[in-house]
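# A look at the structure
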Amino acid sequence: MESVRKAILSYGMIALGSLLFALSFDWFFLPNQIAMGGVTGLAQVINAIFPQVGVGIAAMVLNIPLFLAGWKFIGFHLLASSLFSMAVSSLAIDVIAELYTFSPMDPMLATLCGGALMGLGFGLVFSQGATSGGTDIVAKLLKLVFPWLPLGKLMLLPDGLVLALVALAFGSVESALYGLVALFIMSRITDAVLYGLDTSKVAYIISDHWRTLSDTLLREQNRGVTLLQGEGAYTGDSKWVLLVAFKQTEIVEIKRLVHRIDPAAFLIVCDAHDVLGEGFGEYQKEEL
């Protein structure tokens, strides 16, 4: 029953992200002729040449070979969830366009808002281990080769190539330049949704009252403490350095606790990402 609930929640997030993608395209990109990257951009080219072919339908057809590649190299979960995302976004693009025609606006405003909204949609879809099809699958395949690169940045390469084709179809360099700006914003927002939500911190604490600090952190904050042996470069004195990982929401209490026990303590707080272990995240084989 728990697995069914998680699956429903996951597909609900994928549907929401796909709808945001479709809304962003119809609201900001389509009426202002801002070039899109990826398969949606290729679908724009087809739509410009054959206006009777909807962008959503064209994108769905172009996605078929990419989905086959995704299934072969990444697995069935990607295929099932991404087919769902593609179906929702492709149908929503054409349905929204039929129901309501959005008016053109200032191109830069459309670029900024469209890129941000689309990045949010992509982030929600990717966070559930799916893609919306197109070059998102190419990006995930590239992720297998370059696992250290953020997914949003990997999307820039194939999408950038498609932007040039869309600019030729529209006969406007400006549309491609706006598309590049939107693509950059989209990639940053996508990475912020995927990786920026991991708001853990790591503190290094140097204090003569290290034992009291360690015991209090364990007891009051329920946080594990690792003792690192250090030595002052100037004095040559041996020092114990406390290493503590904690959530962003705990930072104020950690600082208060350290100041209460030893106002002279030396405290360094750093951002930390991908913290795995008890009280934090778990390793995911298919992580982004």
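Everything in this summary refers to the structure shown in the same document. Here the structure is a predicted model, which is why all the values come from computation and not from measurement. (Residues numbered from 1 in each chain as written. Predicted model: local features only at pLDDT ≥ 70, side-chain atom pairs only at ≥ 80, totals over all residues. Heavy atoms only, no water.)

## Focus: the nonpolar core
One recurring pattern in soluble globular proteins: nonpolar side chains tend to sit buried together. Phe25, Phe29, Met118 and Phe122 are the most contacted members of the largest nonpolar core, which has 36 residues in total. If you list the elements that add at least two residues to this core, you get α1 (2-29), α2 (38-49), α3 (55-74), α4 (76-99), α5 (107-127), α8 (156-170) and α9 (173-195). The next biggest cluster of nonpolar side chains, apart from the first, holds 12 residues, and it includes Ala203, Ile205, Leu217 and Leu242. (Core = buried A, V, L, I, M, F, W, Y, C linked by side-chain atoms within 4.5 Å. Buried < 20%, exposed > 50% of the residue type's maximum accessible area, 1.4 Å probe, protein only. Helix = DSSP H or I, 4+ residues; strand = E, 2+ residues; numbered from the N terminus.)

## Quick look at the packing of α5 against α9
Interhelical geometry of α5 versus α9 gives an angle of 35° and a closest axis separation of 7 Å. Where α5 crosses over α9, the handedness of that crossing is right-handed. Classifying every residue of the contact of α5 with α9 by side-chain character gives 17 nonpolar, 6 polar and no charged. (Axes fitted to C-alpha atoms, helices over the stretch in contact; angles between N-to-C directions. Left-handed = near helix turned anticlockwise from the far one by under 90°. Nonpolar A, V, L, I, M, F, W, Y, C, P; charged D, E, K, R; others polar.)

## With respect to the side chain of Ser18
Along the chain, the position of Ser18 falls in helix α1. Given the relative accessible area of 1%, Ser18 is considered buried. Polar side-chain contacts of Ser18 include one of 2.8 Å to the backbone oxygen of Ile14. Once residues within four sequence positions are removed from consideration, Ser18 is found in contact with Ser85, Val88, Ser89 and Val125. (Polar contact = N/O pair within 3.5 Å; in protein donor to acceptor, adjacent residues only side chain to side chain. Contact = heavy atoms within 4.5 Å.)

## Some remarks on helix α10 (residues 210-220)
Inspection of α10 places Leu213, Ser214, Thr216 and Leu217 among the buried residues, and these make up the whole buried set. For α10, the secondary structure elements touched by its buried residues are β1 (200-206), β2 (225-231), β3 (238-247) and α11 (251-261). Looking at the residues trailing α10, positive phi occurs at Asn222, about 55°.

## Overview of the environment of Ile57
As for its placement among the helices and strands, Ile57 is situated in helix α3. As a C-alpha pair, Ile57 and Ile93 span 36 residues in sequence and 9.0 Å in three-dimensional space.

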